[in-house]
Structures are given as C-alpha cells and as structure tokens.
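Structural description and commentary
Listed here are the chains, written in short residue letters.
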Amino acid sequence: MRLTCTVNGTEQQVDDVWEGESLLYVLRERMGLPGSKNACEQGECGSCTVYLDGTPVCSCLVAAGQAEGREVGTVEGMATDEALHPVQQAFLDAGAVQCGFCTPGLLVATDDLVTRSLAAGAPPEDAEIREALAGNLCRCTGYEKILDAVKLAATRMSESAR
Amino acid sequence: MSAPARTPAGAPGSLTGPGSGGVGDDAARPDGTLKVRGEFAYGSDLWMEDMLWGVTLRSPHPYARIRSIDVGPALAVPGVKAVLTSDDVPGEKVYGLELADQPVLAVDVVRYQGEPVALVAADHPETARAAAARIVVDYEVWEPVTDAITALGHPHWNQVHDGTARVTELSRESAHLHPEGNLVRHLKVRTGDPAPTADVVVVNTYEVGMQDQAFLGPESGLAVPAEDGGVELYVATQWLHVDQRQICSALSLPPEQVRLTLAGVGGAFGGREDLSMHVHACLLALRTGKPVKMSYNREESFFGHVHRHPATMRYEHGATRDGDLVYVKAEIYFDGGAYASSTPAVVGNGGTMGIGPYVVPNVHVDCYGAYTNNPPCGAMRGFGSVQTAFAYESQMDALAAELGMDPVELRCRNAMEQGSKAITGQVIDSPAPVVELLRRLEAMPLPGAAPDDLRHMPGGVSNTTHGEGVRRGIGYAVSYKNVAFSEGFDDYSTARVRLEVVGGEPTVTVHTAAAEVGQGLVTVEQQIARTELGVDRVVVAPKDTQVGSAGSTSASRQTYVTGGAVKAACEAVRGRVLERAAATTGRPVGELRLFDGAVVADGLELPLAELLGDDAVEETLEWRHRPTEAIDPETGQGFAHVQYAFSAHRAVVDVDTELGLVKVVEMACTQDVGKAINPQAVVGQIQGGTAQGLGLAVMEEILIKDGRVQNPSFTDYLIPTILDMPPMRIEILEYADPHAPYGLRGVGEAPNISSGPAVLAAIRQATGLPLTRVPVRPEHLTGT
Ligand code: FES
Ligand code: FES
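Residues numbered from 1 in each chain as written. Chains lettered and ligands numbered in written order. Predicted model: local features only at pLDDT ≥ 70, side-chain atom pairs only at ≥ 80, totals over all residues. Heavy atoms only, no water.

Turning our attention to the overall build of chain B. Across its full length, chain B carries 17 helices and 33 strands. In summary, chain B has a C-alpha radius of gyration of 27 Å against a globular reference of 28 Å for 784 residues, a match within 12%. Counting only C-alpha atoms and orienting by the principal axes, one finds that chain B spans roughly 75 × 75 × 55 Å. When each of the 784 residues of chain B is scored for burial, the buried share is 64%. Here chain B contributes 62 positive and 97 negative side-chain charges, whose respective centroids are spaced 1 Å apart. (Helix = DSSP H or I, 4+ residues; strand = E, 2+ residues; numbered from the N terminus. Rg over C-alpha atoms; globule rule 2.2 N^0.38 Å. Buried < 20%, exposed > 50% of the residue type's maximum accessible area, 1.4 Å probe, protein only. Lys, Arg positive; Asp, Glu negative; His and termini not counted. Charge placed at Lys NZ, Arg CZ, Asp CG, Glu CD.)

Pasting the structure below:
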C-alpha cells in the first residue's frame, strides 16, 4: 500500500507499507523519523505520542493507513534550526530529562496541555497536569521534575504570548 | 585494528554540550539537546540501508528437554536469510557475569519460560517473526522447580545447610537443575554469642515479590560484520567490556575483532548488566554478512532480561526492655531463577548488609541464593539490600510496637555512626549520619489533610470514596548500601584525557567506556574535567571498547570510580602542562595553576593556546578505589565494602480501608551524598529511586505461576504513573568521605532501598495490619 501524509509540514509518501504496520513503525523505520519512541507498542506508555490532525495520539495504536491524507506532528518538528521549542527548553532547564526515552512523547503531550490551558485562559494546575500526563510513563525521574518542566513551560509560553 | 566498514545512521558521536559548570554546579547534560529534539540515537533507532532484522524463538516451557529442532519450515519463508540454533554457536555455548552457566541458545534443556532456543534473520521484522513461529521444537516437558526453599531441599526454617541437599534427600520437585546442585551461594555471618537471649523478641517472616526494571528503552542493538572477519556491535548496555568478554568467548573471536560502541540507553537499573541480544545479533550478522538489528518489544523485554530476586526472609530480633538491640538472627532466601547471573553478589549484599544500619552485638545470618525454573534474577538497583530492608525495617517497627517505643527513637538508639562496627567486623570509617537523617525527616512539616477533591483520594477520579473509611499513616525507614564492587573484586575504571587547542580554543576530550544510561555520568565527566583543567570546552567521546574497561554502571559506582579515573587522568595531564609552563616561564610548578584556559600565577597569565600550540597532552590511566577483601566463609568477617551510602524516607499515606486502595500523599527523603557533584542530577536520582521503591511497595510484581510469567506487559505489570507519585521533600547532606574523590558517595541506589519500607510502614500504621509481604495488594488490606 502507498501512504501519503504530511509530517511536520512536509508531504511524505512511502510505498510498500504492510497492512499491519503502525504509524509509529512507518515514522521510525520508513520515514527516518525515529524521534517518537517505542517503549511498549501497546498503547500503555505514551512514548510514541504524536499529533494527528492536531490531537495527541499513541502512534503505535494508529494503523499507518489511518494517517492517509492527514497531518502528523512529531518531536522532530518542534524546534527550529536555531531554537528549541519552549517546552523542550523547559524540560532541559528543569532537569526533567534523564534517559530521555519518555521525553519525545511527554513533549508532545505537554505542548498540547499547555497550549489548551493557555487558550482557555490559565496555566494548568498540578492536578490537571497529573491527569493530562497520566498516560506517559517515565521510569527515571519520579515525575517531580516533569511537573516542574510543565509549569516552567506554561509560565514562559504565557509570558511570550502576552 | 580495522575501522568499521560502514557506520549506521544515528551512531553515537561525541557530545560537546552547553559548555559550563564544574564540580558542584548544576551543569546541563551534553546529550540533553539531542534528547529533546528526538535526535539522540537509542539502540532501537540505529539503521542501515541493507540491514536485516533478527528475532528470537523462546521456550514456552519453564523446564523441558529438547528432543529435536526442525528449522526447515522457517528457512523456507521468503525473505529469511538465516536460522540459527546452539549448533551454530562457534565458541563457548554458555556465558554469565559471574558463573558461565547460561546457554547462548538452549542446549538440550530449557530451564525457564522464555529461554532463547533459535534465531531468525529476515528482511522485515514481521517476516522474521512469522518464520520463527514455523520452527518446530519437540519438547519433553518436565515439572518445574518453582520455589527456592524447595529447590535447596530445606524443609524447615531455622536449619542451616552448608550445601545443597544430596540427591537422595530431594523430593521429586527439587530435582537438580545444574550439575553442582541448586545452591548458588550460601553466606554466613556469625558474631558474638551463638545462643543469645533477650527480654523482648519479635519473629516474623517476610516476602518480597519479583520486581522488573521496566526501563523504557527496549533491549536493542545493531551488529555490523567487519572486513577483518570481526563484528562491530552498537548496543544499549551497562558494561561494554564484560559484554565484550562474553561475546568473544561465544564467537571464539579475540577482543580486537569484537568492537562495541554504546548506543543510546533508555534506562537500565541493572537490567542490562547481563547479555540479551548481544551475541545473537553478532551471530546473525557474521552468518549473513549483513548488518542485523534486534529490538525487543515490551513482552519480549519481560523475558529478555533478569529481574529483581524475590525473597523469603525469616527475622528474629531480640532487645532489652530499654530498646537496645541484643541480637538478630536472619535466614534469607533469594530465588535466582534458572541461571546464576549476579546471584552470588546479591547474596553477598543481602547477607552482609542484611540487618540494616544498626549496631548489634550478636548476629547470625544465613543467606542463600538458589536455582529454580523461575525467570533468571540478577541485578536491579539496590540489589540484595532492597529486599532485606523491607524485613529489617519492618522488624524495627514491630520491635518498637512490642516495646511501646516510638519507631524513630528505637532506630536512633541503635543506629550506627562513624566508628561503629558493621556485622562484618568492618569499622565504618567515614560519616554515617543515620540519626541526623531521621531527625531531619521528623523535623520536616507534615502535609495537611487531603483537600476535599476526588483527585486527592485513594482511587482518584474513579470515585471510589469521598473520604469515608480513609485513614492516614506515617512511616519511616532507613537504608544503607555498599557502593561499588565488594568482597575483593578488582574494581577499576580507565580514563583517557586529552588537552589540545582546537580552533584557537583549549579543548579537553574525555574518553571512557563508562555507560551513560540516563543518570548523567557524561555530565559528571565534563564537570570534573572543567574543574581539574580550568577549560570550559569538554568533549565526551563515544563510549566504546577502544579504551579500557570502566567497570559496570551499577552499584552506584560510576561517579566514584570513573569519576575518580577522570580526575586522576586530568591531574596527570595538568602535571605535564604545568611542568611545561614552568620550563617556559621559569616559575616553580607549585605556584602555577590552570584557570579559564590559561596557566596562571601571581602576575602571570599564559594562555594554553600559546603554551601548547599544536601539541596535545594526553594521559590514559586506570584508577582503583582502595581494595576490599573476601569475607571469611564461616563467619562473614572481613573488609568487604569500600563505602556505604545512607538515606532515610518518611512516607505519608491515605488508605481506603474498605477497598484497600492506597494513596501516597507525600514522600520525604534525606540522604548523605558526601559531595553533590551535580545537585540537580542527585535530586533526580533520589526522586527516581523513590518512585521505584514506592512501586515495589504497592504495585510492581511479576506474577509467576508454575514457572510461567502471567503479566508480561505494561497493561498488567504496573509501574508508578505521575498520578501515583506524590510531591517529595528532599534534603541532601554532604559529609565528605575522606577516602573518595571529592568526598562523594554513590547516590543511585540508597533512596530506592528506604522508600518502599517507609511506604509499607505508613500503610501498616494506617491499617493496623501486620503486612509482611510486598507489593501490598488491596486484598491484603481488606482481608478478602
Ligand atoms: S509505544 Fe505507543 S503507547 Fe507505548
Ligand atoms: S527519563 Fe528515562 S523514562 Fe523518563
């Protein structure tokens, strides 16, 4: 099967995709975008989180064919050549990155949360952050610094929006 | 030594990073930007144009004889390039960290469910999987041995067996798994009066379930055949050189022909100390002449690495009415599963550290490691000590209750301090601030009552309670853990440090083989070089076997041992640079130092660029911590450990006593780290270790039935999520250890040890139940 979709703003076309391949597999193995991670491939860890038409999804649970004609956003599309995205910078500054295997998925989930919260008028509170990130496992950090990073990103993003 | 034929896409390069921060600073990680950009290449991300995918066929049975294997149907699948069995292993067919007893691929017998039997390489992972499923293995299924005590033929508690029972004494179920019997190691500690008595005695039996490391990055790597007949292996691992030794032995190749490079590692926690796909990928690559990638999925990962030893432990504590410990007797059984892995060292830690950081005059410990047909168990963060801490800290609480004493008072009364004797007879010759750790915890404010919000209740938004039946409990626990390798092991690391001027800027390159697994050792290497050489630009070379061994990234040892090696190599480089500056300037070496890219002294500033010109100054050296010694086999006495790490936790929990649901409200931790080389990273280790300890206390267990794993997925094996982890309070003490570089203490394991027992103590206080098994499950709390 042939798959055509937009990834990080660029149109991508791949041939010979098998029926059973997930969007995660196609991104990682066929499009050369291994940034989205494969910690469980069962929808349980969030390390593969990408945007699909603007909504975060576990790309390991999305059949590649479902992405046909749609827009995919991955961690590789967050930064520019010159500058990191504020969420990426906040994760680094807060010390929220250890092994980093959970990081790409968390960055996408955090960007979604903070963007939605700020659009609704307020940065996310602790309890909201915990709920929003409950599907993203991290084995290294104990999550404290991830919470710090989300709050730091929200502060910086709301300041820069002003 | 020939260069690799080709380099995989994403192969690890040098790390430079942000460029500031010495020892004691919150320096930023040099790999951080790559990681947040999604550009850091983990083992599973490596890729080559014409690579094949390797998969493993594993045994469905915990114990069986292999009558025959027919690989024909698999070879017939289009796209399949090779199918291998143990007959295709050219060298030694068994490997192992301490004892070589584990087959590369099963030879005649499988001893655990998931044991690798055959390998397939194909051009697509699904093709390889489908082909593996077509291999026909004829098994004669045997009844598995699934219990450590049964395996040893130890019928009753409190009896000492110096060896495995004779075959004639064994029941049918405890058949010998290995030629020498089922005992891997028996450690004895004997001090003081062999038949002590005391006013107050508490006796209990405790059990700890099997925990999984559950690192997120799957076992993975890429093997590339080289032109010299050897192989390049890019792999996510913990100790490149011990892998290399075992791979060479299996492949029958010399070390020059087996070159390893560390790929990005997505967490380790001990689970990568043993080989997984290493030899398999190399075998397939050498057979097919093509690069072969292997990457486990989560289910296979549960079968593809060793776990934390489950333990059964009987403890007897005797004390005076005033609360002075008189004696401790402990009998500890670790289930090592089918192969030895690091069971001997686990027994070593469990036995020598098994009564906790307390001073006790009369001690009698028997600690056993046994073979069974359960999954092999080996290294996991805090090994040996995590299990025993649940027992000894529970005993301290039980004793306090019996005495009517406050549990913290009882601990402080018996705590070790600098100058105390450990049960090995070893004098604790550096600070041991156990009392201060506990007192500081007590002084921290307690969290208020849970706000009236479902999200703060046990059960959360599943709306299981609005506060009725919810009780709060507070628990304390202390840990101590030996840092680095013990019992006479020649524990060293190698560092190569080079100072040169690149593009006009003084640049240091640090090359070690020490595995960066997420903890931040690469940052520490840079910080040490900046501090010692006064140069900001420090490049961390890829971790590979082109430099000598750094030892394992385990036992909380790398900052100490590889940190020590980098420091020593920097000092050697500095010595040469200053001598040269002395010769040039005529000033005595003693007046000169390196600062901000220059040699400086009163009224002198000689830029390194000027002094060195095009010359590089390079030193490579091995560095060892002070030696330890083997313990006496009859008494357990000896200078077994080089250093101890101490931490303490206070846990606050809310328990829904009707449904048995636990909400951990807050964790507080105090730890003495000697010197925080990178305070932000130290806090990160404490937070992460606390989470893993909490996980074992309330949710994490690999469930085994008749030798079979029941829950090999993140759906059924639960690890803490952000909803399970409470806010933490952390206080770090820095009492220098005079024997260690910068006075530092290993950090990573101690908090993983004290956290779980504190949670257990808190649940016990909330419920009034004895709770002698972890993880605690709802049914333990409701009695249903
Ligand atoms: S890899 Fe998709 S949720 Fe885990
Ligand atoms: S940083 Fe390792 S899993 Fe999150």
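Once you've had a look at it, read on.
What follows concerns the environment of B:F40. Mapping B:F40 onto the fold places it in the loop between α1 (32-37) and β1 (52-58). In the structure, B:F40 is positioned 223 residues away from B:A263 in sequence and 9.3 Å away in space, judged by C-alpha atoms. Each residue touching B:F40, except ones within four places of it in the same chain, is listed here: A:K37, B:D31, B:L34, B:K35, B:D45, B:G264 and B:V265. (Contact = heavy atoms within 4.5 Å.)

With that settled, the discussion passes to the packing of aromatic side chains. Scanning all chains against the criterion turns up 13 aromatic pairs over all chains. Seen from their ring centres, B:Y63 and B:W142 are 5.0 Å apart, and the 85° between their planes marks the pair as edge-to-face. Here B:W142 lies in the loop between β8 (136-141) and α4 (148-151) and B:Y63 lies in the loop between β1 and β2 (64-70), a separation of 79 residues in the sequence. With relative accessibility at 7%, the residue B:Y63 sits in the buried group. For B:W142, a relative accessible area of 28% gives the class partly exposed. Within the aromatic cluster, the residues linked to one another by ring pairs are A:F101, B:F40 and B:Y42. Directly above the aromatic system of B:Y296 lies the positively charged group of B:R58, at a separation of 5.0 Å from the ring centroid. Positioned above the aromatic ring of B:F485, the side-chain terminus of B:R557 is 5.6 Å from the ring centre. (Phe/Tyr/Trp six-rings, centres within 6.5 Å; stacked < 30°, edge-to-face > 60°. Lys NZ or Arg CZ within 6 Å of the ring centre and 35° of its normal.)

So, on to the domain arrangement of chain B. All names here are of chain B. The domain architecture assigned to chain B consists of domain 1 (43-144 + 218-265 + 272-297), domain 2 (433-476 + 643-782) and domain 3 (492-624). Computed over C-alpha atoms only, the centres of domain 1 and domain 3 are separated by 39 Å. Taken together, the contact between domain 1 and domain 3 spans 13 residues of the former and 16 residues of the latter. Our count for the contact surface shared by domain 1 and domain 3 stands at zero salt bridges. Where domain 1 meets domain 3, there are seven residue pairs in polar contact (both at pLDDT 80 or more). Elements that contribute at least two residues to the side of domain 1 that touches domain 3 include exactly α5 (240-251) and β13 (258-262). With five residues, the single largest contributor to the side of domain 1 that touches domain 3 is β13. Across the side of domain 1 that touches domain 3, the residue classes tally to six nonpolar, five polar and two charged. (Domains from an automatic or database assignment. Salt bridge = Lys/Arg side-chain N within 4 Å of Asp/Glu carboxyl O. Polar contact = N/O pair within 3.5 Å; in protein donor to acceptor, adjacent residues only side chain to side chain. Nonpolar A, V, L, I, M, F, W, Y, C, P; charged D, E, K, R; others polar.)

Let us look at the sheet that holds strand β29 (residues 661-672) of chain B. Residue and element names in this part refer to chain B. Within the open sheet, the four strands sit side by side as β20-β28-β29-β32. Their pairing is mixed. A strand with exactly one partner marks an edge of an open sheet, and here the two such strands are β20 (470-483) and β32 (728-733). Taken pair by pair, the neighbouring strands of this sheet meet at an average axis angle of 15°, ignoring direction. In this fold helix α11 (residues 434-443) packs onto β20, β28 (643-656), β29 and β32, with an angle of close to 30° to the strand it touches most, β28. In this fold helix α16 (residues 750-767) packs onto β20, β28 and β29, with an angle of close to 155° to the strand it touches most, β20. (Pairing = 2+ DSSP bridges. Axes fitted to C-alpha atoms, helices over the stretch in contact; angles between N-to-C directions.)

This part covers the pairing of strand β7 (residues 116-122) of chain B. Residues and elements named next belong to chain B. Taking burial as the measure, the seven residues of β7 include seven buried ones, the bulk of the element. Relative to β7, β1 runs antiparallel, the two being bridged by six bridges. Looking across to β7, one finds that G54 is bridged to A121. In this sheet, β7 lies alongside strand β3 (residues 80-84) in antiparallel orientation, the contact comprising four bridges. Looking at β7, one finds that A82 is bridged to A121.

Moving on to the confidence of the model for chain B. All names here are of chain B. Of all residues in chain B, 97% have pLDDT values of 70 or greater, and the mean over the chain is 94. For the stretch residues 156-173, pLDDT sits under 50, and the model shows 45 contacts to residues farther than four places along the chain or on other chains. As a predicted assembly, this complex carries a pTM of 0.96 together with an ipTM value of 0.99. (pLDDT = per-residue confidence, 0-100.)

Glancing now at a negative patch on the surface. On the surface, B:E505, B:D536, B:D596 and B:E605 cluster together into a negatively charged patch. The exposed category is assigned to B:D596, whose relative accessible area is 59%. (Patch = residues over 30% accessible without salt bridge, like charges linked within 9 Å, V, L, I, M, F, W, Y side chains within 5 Å. Areas by Shrake-Rupley, 256 points an atom, 1.4 Å probe, with all protein chains shown as cover.)

This part takes up unusual backbone geometry. For residues that are not glycine, phi is negative in most cases, and the peptide bond is trans in most cases. Between B:V774 and the following residue, B:P775, the backbone shows a cis peptide bond with an omega angle of -5°. Structurally, the position occupied by B:P775 is in the loop between β33 (773-774) and α17 (778-782).

Glancing now at helix α10 (residues 407-414) of chain B. Because each turn of an α-helix spans 3.6 residues, side chains separated by three or four positions end up pointing in the same direction. Among the residues making up α10(B), those that are buried are B:V408, B:L410, B:R411, B:C412 and B:N414. Lining the buried residues of α10(B) we find β17 (325-335), α9 (385-403), α11 and β20 of chain B.

Moving on, we come to the interface of chain A and chain B. Between chain A and chain B, the contact holds 53 residues from the first and 60 residues from the second. Contact between chain A and chain B buries roughly 4400 Å² in total, counting both sides, with carbon and sulfur atoms accounting for 57%. Of all residues in chain A, the largest losses of buried area upon contact with chain B belong to A:Q98, A:R130 and A:R139, amounting jointly to 19% of the total for that side. Our count for the contact surface shared by chain A and chain B stands at five salt bridges. Counting every contact that joins chain A to chain B gives 27 residue pairs in polar contact (both at pLDDT 80 or more). Mapped onto the side of chain A that touches chain B, the elements with two or more residues apiece are α1 (23-30), α2 (86-93), α3 (103-119), α4 (126-132) and α5 (144-161) of chain A. (Buried area = accessible area lost by both parts, 1.4 Å probe.)

It is worth spelling out the packing of α10(B) against α11(B) at this point. Residues and elements named next belong to chain B. Close contact between α10 and α11 brings their axes to 9 Å; oriented N to C, the two are set at 160°. As summarised for this structure, α10 and α11 are arranged roughly antiparallel, according to the angle between their axes. With respect to the hand of their crossing, α10 and α11 are arranged in left-handed fashion. Across from V408, E409, R411 and C412 in α10, the residues of α11 making contact are V435, L438, R439 and E442. Across the contact of α10 with α11, the residue classes tally to four nonpolar, no polar and four charged. (Parallel < 35°, antiparallel > 145°, perpendicular 65-115°, else oblique. Left-handed = near helix turned anticlockwise from the far one by under 90°.)

Before going further, it helps to examine the nonpolar core. The biggest cluster of nonpolar side chains holds 135 residues, and the ones touching the most others in it are A:F91, A:I146, B:Y315, B:V365 and B:V759. Here this core gets nine residues from one element, more than from any other, and that element is α9(B). Apart from the residues within four sequence positions on either side, A:I146 is in contact with A:F91, A:A96, A:L106, A:L133, A:C138 and A:T141. Counting residues in each nonpolar core, the second largest holds 84 residues, with B:V235, B:V279, B:A569 and B:L604 among its members. (Core = buried A, V, L, I, M, F, W, Y, C linked by side-chain atoms within 4.5 Å.)

Turning our eyes to something else, we now look at the pattern of salt bridges. Residues and elements named next belong to chain B. Under the criterion given, the structure shown has 56 salt bridges over all chains. For E516, the salt bridge identified is with R29, shortest N-O distance 2.8 Å. Note that E516 is positioned in the loop between β22 (505-511) and α12 (521-533) and R29 in the segment before α1, a separation of 487 residues in sequence. Across the pair, R29 and E516 agree in class, each one buried. For D366, the salt bridge goes to R190, with nearest N and O atoms at 3.0 Å. Of this pair, D366 sits in strand β18 (residues 362-370) while R190 sits in strand β9 (residues 183-191), and the two are 176 residues apart along the sequence. For D366, a relative accessible area of 3% corresponds to the buried category.

Now for the pairing of strand β16 (residues 311-319) of chain B. All names here are of chain B. In terms of burial, β16 is largely enclosed, as eight of its nine residues are buried. Bridge analysis of strand β10 (residues 200-208) against β16 gives nine bridges, and the strand direction is antiparallel. Its bridge partner being in β16, Y206 is matched across the sheet by M313. Inspection of the sheet shows β16 paired to β17 by nine bridges, in the antiparallel sense. Each residue of the ladder has a partner; that of T312, found in β17, is Y333. A loop of five residues connects β16 with β17, the two strands running antiparallel in sequence, and G323 in this loop sits at a positive phi of about 95°.

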